[in-house]
Amino acid sequence: LGREPKGHGLTSSQRATPLAHRRIRFEYPEGLDPLWSRRFPEFACAANGLSLMMPHVEPYVVKSVRAALDQLPPELAERTQAYLAQELAHHTQHHRFNELLRARYPGLARVERWMRVTYRWMHQHRSLRFGLAYAAGFEAVAYAAARWTESHMDELFRGAEPVPATLLLWHLAEEVEHKTVAFDVYEEAGGGRWLYAAGMVTSLVQMAWFALVAMWVMLYAEGRLFRPITHLRLVKWWLSFTFEVVPSMLASALPGHHPSGLSDPIWLTTWLRHYDPETATLPTLDGLVAE
Ligand SMILES: [Fe+2]
Ligand SMILES: [Fe+2]
């Protein structure tokens, strides 16, 4: 830290647009099925596995970035505060949804303990610089996940329960919105491509592994773990996700890359603009999720 101020790869209009803080709170209907996609319960289980992780991984990201806050130039510090507020809102809302998951799948308690121990260990034993590289890498993976989800939205969300679907899409849309911030903080702290790549790979492997284990627990409880169709679908999605995320990760690791150079998914970005601060709501997904 303490280097020359950087341009952070943003245009002046992007710098002038503050990150929004949306005071959104999701209310789940009584008796909501946590297996919220009837067409593709495997997808709901995979997304639920990621949801379970968020109150563990995102606080690690937040603590890492917050530790560098005092040493950032004012403009970046302001955007970083807004970024931290968005991340805090994400894992608060996932935590509430995860209560439904815990009630339905008691086996998830062990998986969650493992997640808690992992990120506590990372916080205590990894350097601040690694934490910042991890945060920047995590954001790159989240951005790729948002792009992949948008390109499969029609297939994956048809017939889904609107509130959990909205939770997931709101989170991904804000990941797109703040895609540059953790990268800029990491660059300000000295940057470095190899450590950034290591942070990105670590976050991807951890996310894939924990989501997989949590998904197995849920699929087993639902009696779906040993059905061939379950695995055919998962392999198909995993392959297409890999084709989205790997090129994006490779491009991100190239010298001179800045996340502002990546084009945003259009639907998510446009949908987020329709947030209503009066009611603290986003447009419902009824049209999207209709059978
Ligand atoms: Fe987030
Ligand atoms: Fe994020």
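Within each chain, residue numbers correspond to sequence positions counted from 1 in written order. By the order in which they are written, chains take letters starting at A while ligands take numbers starting at 1. Two thresholds apply to this predicted model, a pLDDT of at least 70 for residue-level local features and 80 or more for giving and counting side-chain atom pairs, whereas whole-chain, interface and lining totals are computed over all residues. Water and hydrogen atoms were dropped before computing side-chain values, which therefore reflect all heavy atoms in the structure.

Engineer: Help me understand the environment of Trp148, please; the structure alone is not making it clear to me.
Structural biologist: By the criteria applied, helices consist of DSSP H or I runs no shorter than four residues and strands consist of E runs no shorter than two, each listed in order from the N terminus. With respect to the helices and strands, Trp148 occurs in helix α5 (residues 128–151). Put simply, Trp148 and Glu177 are 29 residues apart on the chain and 15 Å apart in space, counted from C-alpha to C-alpha. Within the structure, the side chain of Trp148 is placed 2.8 Å from the side chain of Ser240, a separation counted as a polar contact. N or O atoms within 3.5 Å of each other form a polar contact, as long as, within protein, one can give a hydrogen and the other can take it, and as long as residues adjacent in sequence are counted only when both atoms are side-chain atoms.

Engineer: Any chance you could explain the packing of α5 against helix α9 (residues 193–221) here in plain terms?
Structural biologist: Axes are the key here: two packed helices are described by the angle between their axes and the distance separating the axes. α9 packs onto α5 with a crossing angle of 60 degrees between their chain directions and a minimal axis gap of 7 Å. If you check the angle between α5 and α9, you find them oblique. For the pair α5 and α9, the sense of crossing is right-handed. Contacts from Arg129, Phe130, Ala133, Tyr134, Ala136, Gly137, Phe138, Ala140 and Val141 of α5 reach α9 at Leu195, Tyr196, Gly199, Met200, Thr202, Ser203, Leu204, Gln206 and Met207. A breakdown of the residues in the contact of α5 with α9 according to their chemical character gives 12 nonpolar, 5 polar and 1 charged. Axes here refer to lines fitted to C-alpha atoms; in helices the fit is confined to the stretch in contact. Angles between the N-to-C directions go from 0 to 180 degrees. Here the word oblique covers every angle except those under 35 degrees (roughly parallel), over 145 (roughly antiparallel) and from 65 to 115 (roughly perpendicular). When the near helix sits turned anticlockwise from the far one by under a right angle, the crossing is termed left-handed; a clockwise turn instead gives a right-handed crossing. Should any heavy atoms of two residues lie within 4.5 Å, those residues are considered in contact. Under the scheme applied here, ten amino acids are nonpolar (Ala, Val, Leu, Ile, Met, Phe, Trp, Tyr, Cys and Pro), four are charged (Asp, Glu, Lys and Arg), and all others, including Gly, are polar.

Engineer: Got a minute to help me understand empty space enclosed by the protein in this structure?
Structural biologist: Rolling a probe over the atoms, with the probe sized like a water molecule, indicates the empty space that remains. With a 1 Å grid laid over protein atoms only, a set of points is called a cavity when a 1.4 Å probe fits there but cannot get out and a pocket when it is open yet has protein on both sides within 12 Å along at least five of seven lines; lining residues have an atom within 4 Å of a point. Grid points are joined across faces, edges and corners, and a volume is the space filled by probe spheres set on the points. Scanning the model with the defined rule gives 1 cavity of 30 Å³ or more in all. Looking at the largest cavity, its volume works out to about 50 Å³. The wall of the largest cavity is formed by Ala136, Glu139, Ala140, Tyr143, Lys179, Phe183, Tyr196, Ser252, His257, Pro259 and Leu262. When residues of the lining of the largest cavity are assigned to their parent elements, the largest contribution, 4 residues, is made by α5.

Engineer: I would appreciate a short explanation of the layout of surface pockets in the present structure.
Structural biologist: Estimated volume of the largest pocket: approximately 850 Å³. Elements with a contribution of two residues or more to the lining of the largest pocket: α2 (41–66), α3 (74–104), α5, α7 (162–177), α9 and α10 (228–253). With 8 residues, α2 is the largest single contributor of residues to the lining of the largest pocket. Per-class residue counts for the lining of the largest pocket are 28 nonpolar, 5 polar and 2 charged.

Engineer: Can you help me understand a positive patch on the surface in this one?
Structural biologist: A grouping of Lys63, Arg110, Arg113, Arg116 and Arg120 is seen on the molecular surface, where their side chains present a positively charged patch. The element contributing the most residues to the positive patch is helix α4 (residues 108–125), with 4 residues. Within the secondary structure, Arg116 sits in helix α4. Without a salt bridge and with relative accessible area above 30%, a residue can belong to a patch; like charges are then joined within 9 Å and nonpolar side chains (Val, Leu, Ile, Met, Phe, Trp, Tyr) within 5 Å. Accessible areas in this description were obtained via Shrake-Rupley with a 1.4 Å probe; residue shielding takes into account the shown protein chains only. For this analysis, a salt bridge means a side-chain nitrogen from Lys or Arg found within 4 Å of a carboxyl oxygen belonging to Asp or Glu. For the purpose of counting charges, residues Lys and Arg are taken to be positive, whereas Asp and Glu are taken to be negative. His and the chain ends are not included. A single reference atom marks each charge: NZ on Lys, CZ on Arg, CG on Asp, CD on Glu.

Engineer: Is there a simple way to explain the coordination of the iron ion (ligand 2) in this structure?
Structural biologist: For a metal bound by four donors in a tetrahedral arrangement, the ideal donor-metal-donor angle is 109.5 degrees, while six donors in an octahedral arrangement ideally sit at 90 or 180 degrees. Listed donors are limited to N, O and S atoms within 2.8 Å of the metal, widened to 3.2 Å for Na, K and Ca; water is not among them, so incomplete-looking sites are possible. Within the first shell, the iron ion (ligand 2) binds the protein through Glu87 (OE), Glu139 (OE), Glu139 (OE), Glu175 (OE), Glu175 (OE) and His178 (NE2), at distances of 1.9 to 2.7 Å. One can describe the site at the iron ion (ligand 2) as irregular: its 6 donor atoms subtend angles covering 53 to 153 degrees at the metal. Donor residues for the iron ion (ligand 2), ordered by position in the chain, follow E-x51-E-x35-E-x2-H. Between the two metal centres, the iron ion (ligand 2) and the iron ion (ligand 1), the spacing is 3.7 Å, with Glu87 acting as a shared donor. Type-normalised accessible area, obtained with a 1.4 Å probe on protein chains alone, sets the label of each residue: buried when under 20%, exposed when over 50%, and partly exposed for intermediate values. Classification of Glu175 as buried rests on a relative accessible area of 1%. The rule is simple: four donors are tetrahedral if all their angles sit between 85 and 135 degrees, four are square planar and six octahedral if opposite donors span more than 155 degrees and the others lie between 65 and 115, and anything that fits none of that is irregular.

Engineer: Explain the nonpolar core here, please?
Structural biologist: Generally speaking, nonpolar side chains in soluble globular proteins are found buried as a group. Residues grouped as a nonpolar core are buried Ala, Val, Leu, Ile, Met, Phe, Trp, Tyr and Cys residues, joined through side-chain atoms within 4.5 Å. Grouped together as the largest cluster of nonpolar side chains are 93 residues, with contacts concentrated most on Trp36, Phe43, Tyr134, Phe157 and Trp170. It is α5 that provides the largest number of residues to this core, a total of 14 residues. Setting aside anything within four residues of it in sequence, one finds Phe43 in contact with Trp36, Trp148, Leu156, Phe157, Leu168 and Trp237.

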